[in-house]
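Structural features, examined
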Amino acid sequence: MPQIQLRSIAEQEFVPWARMIADTYGMDRSEEELADQRAATDLGRTLAAFDEGVPVAGASVYKRVLTVPGGTLPVAGIASVGVAPTHRRRGILTAMMRAQLTDLHEQRREPIAALRPSEAGIYRRFGYGPATLGNQLRCDRRAMRFRTDVDFGQGTVRLHHADQARPLLEKIYDQARTRAVGWPDRQAVHWAVRLADHPHRRGASTALRFAVHQESDGRATGYALYRHSSVPDGLGGSAGVVQVVELAALCRQAYAALWRFLAGIDLVTWIDYEGAVDEPLPHLLADPRAVRTSPVDRLWVRPVDVDRALTGRSYALPLDLVLDVRDGFCPWNTGRYRLQAEDGSAVCEPTTAPADLRLTAAELGAAFLGGTTLSALSSAGLVEELRSGALSLASAAFRGEHEPWYPGGWAFPLF
């Protein structure tokens, strides 16, 4: 790339940079959207590739805190990644990915990086692995009859205006995320983007609705964000759809009550929602087939420093395991590591001892949140067992109580 300059951006370069990134996604950016994105963007951690002073590619790091098995961990959220179509296939994306990860390593920043790829075939070569699945649910509202013994509690669901709802949503989410692996923290700037409801982004859908579940003592214990839209019914007409953008609940009664509320909305044929692979909803229904599911990869994770990453989470079983890690993109990770875990704490250090498993950084990233299993990766030829019994033990130890998932997506991703 002899004529390309790769560096962070200055204040006056943000707007042309952001518009260029949006254009790579086939999007326009309003002044309000640019202001929201600027408020959430750290210019010092935002890269651009310049060709004669014009931004032609970029990527940004958004510092977040991610819930992992056993606690939380700082994560470098990689987003706003794009290369202008005029400058593809010149190695610019590879250069940006290498610069980001090298900076994270050399500055001892976040021990893991995560992103939501627009195309699943791009990021494995940079050491990222698919760590969470989203479960796309299409619910036939007319067939959603709840089991007679479902406990809906004594709370109520009420619709609120956005300004009234936001402090309740923030409080609920902040409690829910600490026990939901794969959920990131949200500061005020992240909420501003999450709840942005620009008319030109709605398409044929309505504005956001804010349904909040409150207990009899007034405590808010759940919420659902949704829109109304319609789809062709195949008979020349249209069918009403409720698009659930996000749902969070602090107890099973609030969860059940919110779904009863959604299933009770009139003039609706379908309810669409992306939840977890082990979403409880089908089990609340007399006919689980009223919910059709389709999993899709969502959050991809990469260990920046293997030892710091593996020390930062807990494990379901005691472990004393040596991993032979290969990392062609971040060579500082290549080597053997002894991972010892017991009673909720872990230690991971370089070692010269014989290895029990051999794998790459991408496989560690895929298994890191406890979703993708090491056994499944081994069946695909991606993990090699070097000591009998090591694979089944490690695979079980990396698993969590629930499937990890990432809650929803941004109108324009900030991770």
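Keep in mind that what you see is a predicted model, and the values were worked out from it rather than measured.

Another aspect to go through is the sheet that holds strand S4 (residues 71-83). Spatial strand order, S1-S2-S3-S4-S5-S14-S6: seven strands in an open sheet with mixed pairing. This sheet does not close on itself; its edge strands, each paired only once, are strand S1 (4-8) and strand S6 (129-130). Of the strand pairs in this sheet, strand S3 (residues 54-68) and S4 are connected by 11 bridges, and their pairing is antiparallel. Looking at the pairing, Val 61 lines up with Ile 78 of S4. Where helix H1 (residues 14-24) meets the sheet, it contacts strand S2 (46-51), S3 and S4, and its direction lies at approximately 85° from that of S3.

Our focus in this paragraph is the packing of H1 against helix H2 (residues 31-40). Running from N to C, H1 and H2 cross one another at 105°; their axes reach a closest spacing of 11 Å. With respect to each other, H1 and H2 are oriented roughly perpendicular. The residues of H2 that touch H1, namely those facing Phe 14, Val 15, Trp 17, Ala 18 and Arg 19, are Glu 31, Leu 34, Gln 37 and Arg 38. Considered class by class, the residues forming the contact of H1 with H2 number five nonpolar, one polar and three charged.

Quick look at the sheet that holds strand S12 (residues 270-275) now. Note on sheets: strands pair through backbone hydrogen bonds, and any given pair is parallel or antiparallel. On the basis of which strands lie adjacent, the open sheet formed by seven strands has the order S8-S9-S10-S11-S12-S7-S13 and mixed pairing. Looking at strand neighbours, the two that pair on one side only are strand S8 (156-160) and strand S13 (291-297), the edges of this open sheet. With strand direction ignored, the average angle separating the axes of adjacent strands in the sheet is 25°. Looking at chain direction, strand S10 (residues 220-232) and strand S11 (residues 238-249) are connected through 11 bridges and run antiparallel. From the neighbouring strand, Tyr 223 faces S11, where its bridge partner is Ala 248. Where helix H4 (residues 162-177) meets the sheet, it contacts S8, strand S9 (209-214), S10 and S11, and its direction lies at approximately 120° from that of S10.

The subject of this paragraph is the nonpolar core. Within the largest apolar cluster, 49 residues are counted, with the highest numbers of intra-cluster contacts made by Met 144, Leu 169, Tyr 223, Leu 247, Trp 259, Leu 262 and Ile 271. At the level of elements, strand S7 (133-140), H4, S9, S10, S11, helix H7 (252-263), S12 and helix H8 (281-284) are the ones that each hand at least two residues to this core. When near neighbours in sequence (up to four residues on either side) are disregarded, Ile 271 contacts Leu 137, Arg 138, Cys 139, Arg 141, Met 144, Val 242, Val 244, Trp 259, Leu 262 and Ala 263. Counting 40 residues, the second-largest nonpolar core is a separate cluster that includes Val 68, Val 181, Leu 299 and Phe 415.

Moving on: the environment of Tyr 255. Tracing the chain through its elements places Tyr 255 in helix H7. The buried category is assigned to Tyr 255, whose relative accessible area is 10%. Sequence separation between Tyr 255 and Gly 153 is 102 residues; the distance between their C-alpha atoms is 9.9 Å. Apart from residues lying up to four places away in sequence, Tyr 255 is in contact with Leu 247, Ala 249, Glu 279, Pro 280, Leu 281 and Leu 284.

So, how was this worked out
Residues numbered from 1 in each chain as written. Predicted model: local features only at pLDDT ≥ 70, side-chain atom pairs only at ≥ 80, totals over all residues. Heavy atoms only, no water. Pairing = 2+ DSSP bridges. Helix = DSSP H or I, 4+ residues; strand = E, 2+ residues; numbered from the N terminus. Contact = heavy atoms within 4.5 Å. Axes fitted to C-alpha atoms, helices over the stretch in contact; angles between N-to-C directions. Parallel < 35°, antiparallel > 145°, perpendicular 65-115°, else oblique. Nonpolar A, V, L, I, M, F, W, Y, C, P; charged D, E, K, R; others polar. Core = buried A, V, L, I, M, F, W, Y, C linked by side-chain atoms within 4.5 Å. Buried < 20%, exposed > 50% of the residue type's maximum accessible area, 1.4 Å probe, protein only.

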